[in-house]
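Structure assessment
For reference, the chains in residue letters:
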Amino acid sequence: MTELISVRPLALEDTIPADRIGHRLAMGVQFADALSRLPVFAPLTCDLEAIGSRPCSRRCEIHNLGRQALRHAGRLAKLLARAVALGQSTAFSLRVYGRRNPAVDGYLTDNDPRLYVPRRLALTPVLGADGIPPASRDNIRNAWLWPGAAYPLPARATALRGRIRKGLSLDQAVDVPWARVVVTRPGSGAADFTTEAKLAWGHGDDRGEFLVLLGAEAVPGGVSLPASLSLRLWVFLPPPAVSFDPADPLASLPLEDGGTAPSNDALRGTAIPPGYVQQAAIDLTVKPGGSQSIAEATLLYG
C-alpha cells in the first residue's frame, strides 16, 4: 500500500532574504532622433553637472534603447533634499554628447563623431510631498537630438548645409558655436518669422556648422516634384555676451529649460533659446533631392 505524503506549499515565512534592492529613479531621459522620432542607438554620454546652483558631477547610467537614468541615491539625493529644504531650484542640468573614442573622458571637439549636435537641458524632477521622486513614470522625459555634420543622409534627401561665422570679412571670420536655424515657407507679404509656416529646424555645432533635412512638408502638394523650392532660412545667434571656451566647449551651450513636462518644444529643440538674436531672413531657391551648401558669405555676420 502506497502512503500519501502531503506537502504544504511554501509561504513567505519559509523564505530567507538574500538581498534587498531599492533603486528609485530621480530622472530618466529617452533621447530620440529628431527626424525619425526613433530612439538614438548611437553611443551617447549624458552627464549631470548640477542640481540647481549646486555642482553635482555624475554620469547617467545607460539602460535599454539608449535611455539615460539617474538614481535617487548618495550625494544626488542629499543635494536634492537640501535644495527642497531651502526652497531652491531642483532642476537637473544635463549635458548630452557623443564620443568617438569612449576611452577619452568628457567632451572634446575632435572626439565628437558629429552624428548629433550636443545639447544641455535643465529638467526639474517631480517630487512627492516628502521631497522624494515618486515610484512612477513622472520623471521620464523625451528629448530630441538634431543631426550633426556627419549625419547619414538618406538617398535623394533634400538638405541644406552651412557654416555660420562672424567677422568683417571671410579671412577674419570666426565660427559661431551653437546657433539655431529654422526653414520656413515664405508668405505673400514681407518676411515674418512669427507667421510663416515652419518646415524644418537645425542646430549649429561648436564649429558653426549645421545640417537641415527637409521633409515632405517642404514640398508643395501635387503629382510631380517641383524643379525648385522657394524657401526662407532664419538664423538665430547666441547672445553676444556668451563666450566660447575651447577647453570646455559645452559650457556655452544654451541651457534649455524642459521644466517638469514629459515633452515640450524646449525638449524637442524647436524652441529658440532665450536671448538668441534673430538675423535677417535669407531667401533660398532649393532643388529637391540633393544636398545644397549655402555660400559662406551669406552666413557671415558682422
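A short tour of the structure in this document, coming up.

What counts, and where the lines are drawn
Residues numbered from 1 in each chain as written. Predicted model: local features only at pLDDT ≥ 70, side-chain atom pairs only at ≥ 80, totals over all residues. Heavy atoms only, no water. Helix = DSSP H or I, 4+ residues; strand = E, 2+ residues; numbered from the N terminus. Rg over C-alpha atoms; globule rule 2.2 N^0.38 Å. Contact = heavy atoms within 4.5 Å. Areas by Shrake-Rupley, 256 points an atom, 1.4 Å probe, with all protein chains shown as cover. Lys, Arg positive; Asp, Glu negative; His and termini not counted. Charge placed at Lys NZ, Arg CZ, Asp CG, Glu CD. Phe/Tyr/Trp six-rings, centres within 6.5 Å; stacked < 30°, edge-to-face > 60°. Buried < 20%, exposed > 50% of the residue type's maximum accessible area, 1.4 Å probe, protein only. Pairing = 2+ DSSP bridges. Axes fitted to C-alpha atoms, helices over the stretch in contact; angles between N-to-C directions. Expected span 1.5 Å × (residues − 1). Arc of directions from axis to C-beta. Polar contact = N/O pair within 3.5 Å; in protein donor to acceptor, adjacent residues only side chain to side chain.

1. Observations concerning the overall build of the chain
Counting its regular elements, the chain contains 2 helices and 20 strands. A compact globule built from 302 residues would reach a C-alpha radius of gyration of about 19 Å, whereas the chain, at 24 Å, exceeds it by more than 25%. On the principal axes, the C-alpha backbone points of the chain span a range of 95 × 55 × 40 Å. Restricting the contact set of the chain to residue pairs at least 6 apart, pairs at least 24 apart contribute 71%. Per element, the accessible surface of the chain, about 16100 Å² overall, is 55% carbon and sulfur. Put simply, the chain has 32 plus and 28 minus side-chain charges, and the middle of one group is 1 Å from the middle of the other.

2. Points about the packing of aromatic side chains
Inspection of every chain in the model, using the stated rule, returns 6 aromatic pairs. Here the aromatic rings of Tyr 116 and Tyr 151 are separated by 5.9 Å at their centres, their planes lie at 75°, and the arrangement is edge-to-face. Here Tyr 151 lies in the loop between β8 (140–145) and β9 (158–163) and Tyr 116 lies in the loop between β6 (92–97) and β7 (119–123), a separation of 35 residues in the sequence. With respect to class, Tyr 116 is no different from Tyr 151; both count as buried. Ring centres of Phe 193 and Phe 236 lie 5.0 Å apart, and the angle between their planes is 65°; on these two criteria the pair is classed as edge-to-face. Placement of the pair is Phe 193 in the loop between β12 (180–185) and β13 (197–203) and Phe 236 in strand β15 (residues 229–237), with a sequence separation of 43 residues.

3. A closer look at the sheet that holds strand β2 (residues 45–51)
In space, the 5 strands of this open sheet follow the order β3-β2-β6-β7-β16, with mixed pairing throughout. Pairing within the sheet leaves two strands with one partner each, and these edge strands are β3 (54–59) and β16 (255–259). Sheet twist, expressed as the mean angle between neighbouring strand axes with direction ignored, is 25°. Of the pairings in the sheet, the one linking β6 to β7 comprises 5 bridges and is antiparallel in character.

4. Things to note about helix α1 (residues 74–85)
For α1, which comprises 12 residues, the first-to-last C-alpha distance of 17 Å matches the rise-based estimate of 16 Å (1.5 Å per residue) to within 8%. Turning to α1, its buried residues are Leu 76, Ala 77, Leu 79, Leu 80 and Ala 83. Buried positions in α1, seen along its axis, are confined to an arc of 165° and lie on one side of it. Within α1, the exposed residues directed more than 90 degrees away from the buried face are Lys 78 and Ala 85. Where the residues of α1 are buried, they touch β1 (25–33), β2, β3, β5 (68–71) and β6. Phi for Gly 87, located one or two positions after α1, is positive at around 65°.

5. Re the side chain of Thr 184
Tracing the backbone through its elements, the reader meets Thr 184 in strand β12. A polar atom in the side chain of Thr 184 sits 2.6 Å from the side chain of Glu 196. Within polar-contact distance, the side chain of Thr 184 engages the side chain of Trp 234 at 3.0 Å. Here Thr 184 is in contact with Phe 193, Glu 196, Ala 197, Lys 198, Leu 199, Leu 231, Arg 232 and Trp 234, once residues within four sequence places are set aside.

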